[in-house]
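# Structural description and commentary
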Amino acid sequence: MIDYQQIASHPDLKLIGKNIIFRQSVTSTNRVLYKMAENSFGKEEGFLAEGTILIAEEQTAGRGRLDRIWISPRGKGLWFSAYLLPDIPPEKSFLITFLGAVAVAEAVNHLFELKSMIKWPNDVLVKGRKYCGILTDTRVSEEKIQLAILGIGMNLNQTVREITESYGPIATSLRIILHRTVDPAQVLTAVLLQLDKYYAYLKEGQWEKIIEKWKEYATFLGSKITIVADDEPFDGIARDIDDKGGIIIELEDGEERVFYSGDLFL
Ligand code: BTN
């Protein structure tokens, strides 16, 4: 059992992770934390503090990008969400996803001496295999982000058999990568520390710090890729990210096109 109180009282955490709510089983930490945040609006007592983490041992309806299912079995990984109140325009909400991916890549690389890469828009991979996915939900009104929920799912201790039986072809876990089990408390602490650090940059308006780090990890930039958008494949070279987080692809006929949604194949 993870000692969440101990993690939350880590002296270096300033905002994110200072309050951790644990549940054994939820539908989706993103969904439940979103509801909790909405319900706490305008209340003086019992309001939800910014930076609160909701973490669950299992999710019965974990959600991925593009309405996919995120498999979240009991005790096999970290399934958690952070409640954020970023003062950024709605078209910059990609920065929240980016900061999640950067935090995971930094934490995992430092802990285990690995070389994670980030695959647009939100996957974290080692040697082409995905061990982490990120999903941001926002509530926007009057051209402002009223609340944001940053959800992170990390496959930690699934075996090769468990992954091949239930997951997609490029999935993996840190256990498979490292050939040993990993300590969830250690990984969670490291990720929260990085989240806290990069979220402070976001709050201070230093967005370029997040984008620069993201690009450092996005080693696919400059390479030939295929993007599948609305079931249609496009081949080209991934050139850059635009100011709304879209990916700029130079297509084979030389035309540059920006995609805001889709799956990238490296
Ligand atoms: C993806 O790669 O498609 C995104 C996966 C995001 C999964 C996490 S697990 C915690 C949080 N709660 C959810 O339902 N989804 C996110």
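What this report covers is the structure whose coordinates are included nearby. (Residues numbered from 1 in each chain as written. Predicted model: local features only at pLDDT ≥ 70, side-chain atom pairs only at ≥ 80, totals over all residues. Heavy atoms only, no water.)

## Here we look at the overall build of the protein chain
Helix and strand counts for the protein chain come out as seven helices and twelve strands. Taken against the 2.2 N^0.38 rule, which gives 18 Å for 266 residues, the C-alpha radius of gyration of the protein chain at 18 Å falls within 12% of a compact globule. Oriented by its inertia axes, the alpha-carbon framework of the protein chain measures out at about 60 × 50 × 30 Å. Residues counted as buried form 52% of the 266 residues belonging to the protein chain. Considering only contacts within the protein chain whose residues lie at least 6 apart along the sequence, 63% involve residues at least 24 apart. Total accessible area on the protein chain stands at roughly 12900 Å², and carbon and sulfur atoms take up 48% of it. (Helix = DSSP H or I, 4+ residues; strand = E, 2+ residues; numbered from the N terminus. Rg over C-alpha atoms; globule rule 2.2 N^0.38 Å. Buried < 20%, exposed > 50% of the residue type's maximum accessible area, 1.4 Å probe, protein only. Contact = heavy atoms within 4.5 Å. Areas by Shrake-Rupley, 256 points an atom, 1.4 Å probe, with all protein chains shown as cover.)

## What to know about the nonpolar core
F80, M154, L174, L192, L195, W214 and I247 are the most contacted members of the largest nonpolar core, which totals 73 residues. In terms of residue count, the dominant contributor to this core is helix α3 (residues 94-112) (13 residues). Setting aside residues up to four positions removed in sequence, L174 forms contacts with V108, F112, L114, Y131, M154, N155, L156, R180 and V182. By size, the runner-up hydrophobic cluster in this structure holds nine residues, among which are Y34, A37, L54 and I149. (Core = buried A, V, L, I, M, F, W, Y, C linked by side-chain atoms within 4.5 Å.)

## Digging into the site of the ligand
Near the ligand, the surroundings consist of 19 residues, among which S28, Q59, R63, R65 and K130 are the closest. Between a nitrogen atom of the ligand and a side-chain N or O atom of T29, the distance comes to 3.1 Å. Between the ligand and Q59, the relevant distance is 2.9 Å, taken from a nitrogen atom to a side-chain nitrogen or oxygen of the residue. Protein coverage of the free-state accessible area of the ligand, which is 420 Å², stands at 98%. Elements represented by at least two residues in the shell around the ligand include exactly α2 (29-40), β3 (77-84), β6 (129-141) and β7 (144-155). (Near = heavy atom within 4 Å. Polar contact = N/O pair within 3.5 Å; in protein donor to acceptor, adjacent residues only side chain to side chain.)

## Brief notes about the sheet that holds strand β12 (residues 263-265)
Read from one edge of the open sheet, five strands run β11-β10-β9-β8-β12, paired in antiparallel fashion. Strand pairing shows two members of the sheet lacking a second neighbour, β11 (256-259) and β12, which therefore form its edges. The average undirected angle you get between the axes of adjacent strands in this sheet is 45°. (Pairing = 2+ DSSP bridges. Axes fitted to C-alpha atoms, helices over the stretch in contact; angles between N-to-C directions.)

## Considerations on the sheet that holds β6
One open sheet accounts for seven strands, arranged β1-β2-β3-β7-β6-β5-β4; its pairing is mixed. With partners counted over all chains shown, the strands left at the sheet margins are β1 (20-26) and β4 (116-119), one partner each. In this sheet, adjacent strand axes meet at a mean angle of 20° when their direction is disregarded. Taken together, the ten bridges between β6 and β7 define a ladder with antiparallel strand orientation. From the neighbouring strand, C132 faces β7, where its bridge partner is M154.

What is shown is where atoms sit, not what they do.
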